[in-house]
Amino acid sequence: MDSEKAVQILDEKGITRAITRIAHEILEKNKGPQDIVIIGIKTRGIPLAKRIALKIKEFENYEIPVGELDITLYRDDLTKEQIDPVVNGSSISCDINNKIVVLVDDVLYTGRTARAALDALVDIGRPSVIQLAVLVDRGHRELPIRADYVGKNTPTSKNEIVRVKLSETDEENLVVIEAT
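Because the structure is predicted, anything quoted here is derived from the model rather than measured.

A. Geometry of the overall build of the protein. Each helix and strand in the protein was counted, giving four helices and eight strands. Along its sequence from the N terminus, the protein presents helices and strands in the succession β-α-β-α-β-β-α-β-β-β-α-β. Its C-alpha atoms give the protein a radius of gyration of 16 Å, near enough to 16 Å, the size a compact globule of 180 residues would have. Principal-axis analysis of the C-alpha atoms gives the protein an extent of 45 × 40 × 30 Å. A buried classification covers 44% of the 180 residues belonging to the protein. Put simply, of all contacts in the protein between residues at least 6 apart along the chain, 70% involve residues at least 24 apart. Here the protein has roughly 9,700 Å² of accessible surface; of this, 46% comes from carbon and sulfur atoms. The distance from the centre of the 25 positive side-chain charges to the centre of the 30 negative ones in the protein is 3 Å.

Here it is, written out as structure tokens:
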């Protein structure tokens, strides 16, 4: 990490605290773990979803189903140069109809990823409720989307990048803001 260009906003303990708080808030808002399905948006939403489900299991001794959602084909920013987008596929092994679905992503920015995830989700089934959990909300919405659960609100400028690094994908756990 280049200290002149990057500022760390969460370390490993901070990420763990944020996930613990999100898990508690999910249980509180939904009056327990029953009927909840947690779905991570590829790529970093998946390990975060699994971590949240593990925390809920620690608290409630209840196993929450976890799924993976690939929104590649639902994005509104695919250009003609990207004729062959890489699609890894979604993996949701349980029925989401009439369930409380908690979508999980690493960073909420413009809201376009969340909108694409909503489109992809309703093509799979019809949940009773869809909620959104994010590790970092950095502002600058372009769509009327808000997170139900936020690990950290971090005001940013549009010329900054929020990088989430997780041990499952990046071999370390931290969140930094980098100037572009």
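B. Quick peek at the side chain of Thr110. Structurally, Thr110 can be placed in the loop between β4 (100-108) and α3 (112-124). Note on Thr110: relative accessible area 15%, which makes it buried. One polar contact links the side chain of Thr110 to the main-chain amide nitrogen of Arg112, over a distance of 3.3 Å. Filtering out sequence-adjacent residues up to four positions away, Thr110 remains in contact with His140, Arg141, Glu142 and Leu143.

C. Structural detail: helix α1 (residues 12-29). Taking 1.5 Å of rise per residue, the 18 residues of α1 would be expected to cover 26 Å, and the 26 Å separating its terminal C-alpha atoms lies within 8% of that figure. Every buried residue of α1 is listed here: Gly14, Ile15, Ala18, Ile19, Thr20, Ile22, Ala23, Ile26 and Leu27. For α1, the N-terminal cap is Asp11; the gap from its side-chain oxygen to the backbone nitrogen of Lys13 is 3.3 Å.

D. Up close: the packing of α1 against helix α2 (residues 45-60). For the pair α1 and α2, interaxial distance at closest approach is 9 Å and the crossing angle is 65°. With respect to the hand of their crossing, α1 and α2 are arranged in right-handed fashion. On α2, the residues that touch Ile15, Thr16, Ile19, Thr20, Ile22, Ala23, His24, Ile26 and Leu27 of α1 are Leu48, Arg51, Ile52, Lys55, Ile56, Phe59 and Glu60. Of the residues in the contact of α1 with α2, the class split is 10 nonpolar, three polar and three charged.

E. Just α3, in detail. Over its 13 residues, α3 runs 19 Å from end to end, which matches the ideal 18 Å to within 8%, given 1.5 Å per residue. Of the positions making up α3, those classed as buried are Ala114, Ala116, Ala117, Ala120 and Leu121. Taken around the axis of α3, the buried residues stretch over an arc of 160°, which confines them to a single face. Those residues of α3 that are buried are in contact with β2 (36-41), β3 (66-69), β4 and β5 (129-137).

F. Looking closely at the pairing of β2. In terms of burial, β2 is largely enclosed, as six of its six residues are buried. Of the two faces of β2, the one holding Ile36, Ile38 and Gly40 and the one holding Val37, Ile39 and Ile41 are both buried throughout. Where β2 meets β3, four bridges bridge the pair, whose relative direction is parallel. Within β3, the residue paired with Ile41 across the bridge is Leu69. For the crossover that starts at β2, traverses α2 and ends in the parallel β3, the hand is right-handed.

G. Geometry of the nonpolar core. If you look at the biggest cluster of nonpolar residues, it comprises 30 residues, and the most contacted ones within it are Ile38, Ile52, Leu135 and Val175. Looking at which element gives the most residues to this core, the answer is α1, with seven residues. Among all residues touching Leu135, those that are not within four sequence positions of it are Leu10, Ile15, Ala18, Leu48, Asp105, Asp106, Gly151, Lys152, Val164 and Val175. Core analysis: the second largest hydrophobic core is formed by 20 residues, Ile92, Leu103, Ala114 and Val150 among them.

Parameters and conventions
- Residues numbered from 1 in each chain as written.
- Predicted model: local features only at pLDDT ≥ 70, side-chain atom pairs only at ≥ 80, totals over all residues.
- Heavy atoms only, no water.
- Helix = DSSP H or I, 4+ residues; strand = E, 2+ residues; numbered from the N terminus.
- Rg over C-alpha atoms; globule rule 2.2 N^0.38 Å.
- Buried < 20%, exposed > 50% of the residue type's maximum accessible area, 1.4 Å probe, protein only.
- Contact = heavy atoms within 4.5 Å.
- Areas by Shrake-Rupley, 256 points an atom, 1.4 Å probe, with all protein chains shown as cover.
- Lys, Arg positive; Asp, Glu negative; His and termini not counted.
- Charge placed at Lys NZ, Arg CZ, Asp CG, Glu CD.
- Polar contact = N/O pair within 3.5 Å; in protein donor to acceptor, adjacent residues only side chain to side chain.
- Expected span 1.5 Å × (residues − 1).
- Axes fitted to C-alpha atoms, helices over the stretch in contact; angles between N-to-C directions.
- Left-handed = near helix turned anticlockwise from the far one by under 90°.
- Nonpolar A, V, L, I, M, F, W, Y, C, P; charged D, E, K, R; others polar.
- Arc of directions from axis to C-beta.
- Pairing = 2+ DSSP bridges.
- Right-handed = clockwise from strand over helix to strand, strands pointing away.
- Core = buried A, V, L, I, M, F, W, Y, C linked by side-chain atoms within 4.5 Å.

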